[in-house]
Amino acid sequence: MNESASAAAQPSRLRSLGLRLFGLLLFLTGIILVVPGYKLLTLHGSAWYVLAGAVWAIAGILVFLRRASGLYLYTLSFIATLVWSLWESGLDGWALVPRLDLPLVYLIFAVLLMPKYHRDGAKGYRRYGIAVLVLTVVGLVVAVPLAQKPWQVEANSTPAGHYYDEQTTPAAQDWPTYGGGYGAQRYSALQQITPANVSQLKRVWEYHTGEAHSANFGNELTPIKVGDAIYGCTIRHKIFAIDAATGKQKWMFDPKTPATSSPPNSACRGVAYYADPAATAGQQCAQRIIVGTLDAKLAAVDANTGAICEDFGDHGFVDLMQGLGKWPAGMVSVTAAPTVVRGVVVTGQQVMDGQLRSAPSGVVRGYDAVTGKLRFAWDMEQPDITTTPPEGKTYTPGTPNMWSTAVADEKLGLVYLPMANSAGDYYSSTRTAEELKYSSSVTALDVTTGKPRWVYQFIRNDVWDYDTPAQPSLVDFPTDKGLVPALIQTTKQGDLWVLDRRTGQPLHKVEEQPAPQGGVEPAERAATQKRSLYSHTQKPDLTEQMMWGISPFDQLACRIQYRSANYQGIFTPPSADKPWIEYPGNNGGSDWGSISVDVHNGVIIENYNDLPSYSKLVPRAVDDALGVFWMGDARYKNPPPGRNRPQAGLPYGQDVNTGWVSNLGVICKQPPFGMIKAIDLTSGKTLWDRPLGTAERNGPWGLHSMLPLQIGLPNNGGVLTTRSGVAFVGATTDDYLRAIDVKSGKTLWKDELPAGGQATPMTYEVNGQQFVIIMAGGHHGMMTPEGDSVIAYALPNKS
């Protein structure tokens, strides 16, 4: 035997220590995998974890005893793990992360600790270990990017042509409503910023509202622009006006909302503008800004000075609590921009979710835009009450509300209400016939009478919190019989609907699909649910293989949770014996951000979430024992830790894990978590569908991974498109504003925001220059940084 080879075969002190430590680590890792891996096996899940754990434990013992066979055994197990990973997830890079990251690190240690020679002087197997390591790394680096989906579904063949009439003409120089033009298309005819020059965009000014450092924040503002002024609101619903060219503040009005009226995710999404046609020149409040407040009021101020409009309601305020009864502060608020049609201000109210069955009423009311006088009230249970209830009475509690934003057709005199679910979202046995009719729908009200003209419901007897979340968009929709006045509505469950806005009838095919049965109220579940065949964002049903994490450990935990839950696909009924999986979850699909409709080219742009929720109904006695009481209960102290909703007055509370996040703060479903897509307006066909957002500001325990790789992130906020073919979107949890090519979906430009951009951008023109604006205020529910910035972008001024 060669002496040098013999010496090389003997472990040095350092290598001996390394073998001991690595052997111990490998053994412990194997044991940690075996125990829960066995549980997964008993739940009819994958056997890999228990088998791999057992092999790793054995290999760890051998390595601890300083036997090279343990290192070789581990290397063989890595090869098996690689084959299993590719069999389960193919070359999906993000799906491979939890399967291969730790095993690959261990392989590096194993190769470094392998002896160069055997005791008999023959060459050792380290060279084979190195080969496995190099081939694996090189193969993944080369093959994974090549194997990623191109996401382009088909070429954009939509012919040019406009899809709007005069009253829904898209915004151009101004942005007069929350949704842009009066059709709420979130589209502008401006063309100065193009795909060719958008990369030159620069910040030209930044306005600070002065409001930050709030426990509950979620500034989701889309400002409006009329004339030379931009109008918006803060998280405490102060109204501000700033110069559209410079960002300098003109005035600010403080409604003096009490801090106690701030609910979770305090938001002000927008304000409304109204010009009184009967006012004389220079008259006070001839043009006014109207906003809802967190303590449930409507306020009106002069658009030029910010002075209160004394002729509106009671010295400038209308109290929306009138007729609702007495409730704790924060229970009722207004977060959406009011809608003005034919001189009537239409508003609903946000009612805090999950508190109690007999929550404040979902009544929708219309007020004179000049006097603030109540013109109508629509209480679905008490249609004879057309204004204020008799003394000692209230509007009907617990009915579906409109917390989102309406849109109106001035010509038809109709206002379209995206309706939420009844209070006590996840239990239905106590609902009335009227609630069952109007919940999770779009309802058209006649603004003259306040009476429903038609209703179209998207979910039968909704127990998934699938509120209709977004402002509808109005278009003239192309059909075989010509253009039809239509309404386009997104939904949390992922379906996109196109309805004749005169009648509420679908302008595309609708399919009745069998719905899962069972749960805590089997007799309540609908046998079928309607699904739109026009377009949808829903992906295939979840499988165990789609569970995710940052390591084998949390992926294994998510797999066990999956196998431990009830799941029969979309519309799986709520259960109390075990958790149930809701996919898409109650944040969508699409949420309040709405779509953008490029009515010139006939393209819809929609950003959406691809996230599940993981929930369980909790019997009332158990909830009470945990101290889960609604905020008005005498026993209520502070919200208990966890994700509990009391649903007082019903047999069950709810423990909901929105987004289904593991204990490491990582989503249990593999990426992408959020997407953006383009849809042919005429046919509903998908033109492209891409992940939205990178991983750099996301990671476990709230840490930033710093990886500038496309992953597709949770998003909250909407999209803006322009005639030149550029779409702008913030919304994502990586805190960027992006410009996207409408034709291809490729990102053309992005800018890092100082806080979360969970808002919808807008655009306008002043002095011949086009500006793009976004509110960077952050969102505590999305765990993005808080801020108070309204940021404007423009191309360099060549003058």
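Remember, it's a predicted structure, so these values are computed and weren't measured experimentally.

Draft legend 1. Structural detail: the overall build of the protein chain. Within the protein chain, the regular secondary structure consists of nine helices and 41 strands. For 799 residues, the compact-globule estimate of 2.2 N^0.38 gives 28 Å, and the C-alpha radius of gyration of the protein chain, at 29 Å, lies within 12% of that figure. Expressed along its principal axes, the backbone C-alpha trace of the protein chain runs to roughly 110 × 70 × 55 Å. Burial statistics for the protein chain: of 799 residues in total, 60% are counted as buried. Residue pairs in contact within the protein chain that sit at least 24 positions apart in sequence constitute 63% of those at least 6 positions apart.

Draft legend 2. Region of interest: the state of the cysteines. Applying the stated criterion across every chain, the model contains three disulfides. The partner cysteine of Cys 233 in its disulfide is Cys 268, sulfur to sulfur 2.0 Å. Negative torsions about the S-S bond denote left-handed disulfides, and the value of about -95° found for Cys 233 with Cys 268 makes this one left-handed. In this pair, Cys 233 sits in strand 4 (residues 229-233) while Cys 268 sits in the loop between strand 6 (249-253) and strand 7 (272-275), placing the two residues 35 residues apart along the sequence. Judged by its relative accessible area of 1%, Cys 268 is buried. Residue pairing for Cys 285: its cysteine sulfur links by disulfide to Cys 309, the two sulfurs lying 2.1 Å apart. For the disulfide bridge between Cys 285 and Cys 309, the dihedral angle about the S-S bond is near -100°, and by the sign convention the bridge is left-handed. Of this pair, Cys 285 sits in the loop between strand 7 and strand 8 (287-292) while Cys 309 sits in the loop between strand 9 (297-302) and strand 10 (317-319), placing them 24 residues apart in sequence. Note on accessibility: Cys 285 and Cys 309 belong to one class, buried. Disulfide connectivity for the protein chain, with bonded cysteines indexed by sequence position, reads 1-2, 3-4, 5-6.

Draft legend 3. Broad picture of the nonpolar core. In this structure, Trp 205, Tyr 231, Phe 728 and Tyr 764 are the most contacted members of the largest nonpolar core, which totals 53 residues. Here Tyr 231 is in contact with Pro 223, Ile 224, Val 226, Phe 240, Ala 241, Trp 251, Val 271, Ile 289 and Ala 303, once residues within four sequence places are set aside.

Draft legend 4. Representation of the layout of surface pockets in the model. Of the volumes computed, that of the second largest pocket is approximately 410 Å³. At the level of elements, strand 7, strand 12 (339-341) and strand 17 (407-409) are the ones that each hand at least two residues to the lining of the second largest pocket. Broken down by element, the lining of the second largest pocket gets its largest block of residues, four residues, from strand 7. A class-by-class count of the residues in the lining of the second largest pocket yields 16 nonpolar, eight polar and three charged.

Draft legend 5. Just the pattern of salt bridges, in detail. Under the criterion given, the structure shown has 30 salt bridges. One salt bridge in this structure joins Glu 435 and Arg 357, with 2.9 Å as the shortest N-O distance. One end of the pair, Glu 435, is in helix 7 (residues 433-438); the other, Arg 357, is in the loop between strand 14 (350-351) and strand 15 (364-368), and 78 residues separate them in sequence. Judged by its relative accessible area of 3%, Glu 435 falls in the buried class. For Arg 357, a relative accessible area of 12% gives the class buried. In this structure, Lys 750 and Glu 696 form a salt bridge, with 3.7 Å as the shortest nitrogen-oxygen distance.

Rules of the game
- Residues numbered from 1 in each chain as written.
- Predicted model: local features only at pLDDT ≥ 70, side-chain atom pairs only at ≥ 80, totals over all residues.
- Heavy atoms only, no water.
- Helix = DSSP H or I, 4+ residues; strand = E, 2+ residues; numbered from the N terminus.
- Rg over C-alpha atoms; globule rule 2.2 N^0.38 Å.
- Buried < 20%, exposed > 50% of the residue type's maximum accessible area, 1.4 Å probe, protein only.
- Contact = heavy atoms within 4.5 Å.
- Disulfide = S-S within 2.5 Å.
- Core = buried A, V, L, I, M, F, W, Y, C linked by side-chain atoms within 4.5 Å.
- 1 Å grid on protein atoms, 1.4 Å probe; cavity = no way out; pocket = protein on both sides within 12 Å on 5 of 7 lines; lining within 4 Å.
- Points joined across faces, edges and corners; volume = space filled by probe spheres on them.
- Nonpolar A, V, L, I, M, F, W, Y, C, P; charged D, E, K, R; others polar.
- Salt bridge = Lys/Arg side-chain N within 4 Å of Asp/Glu carboxyl O.

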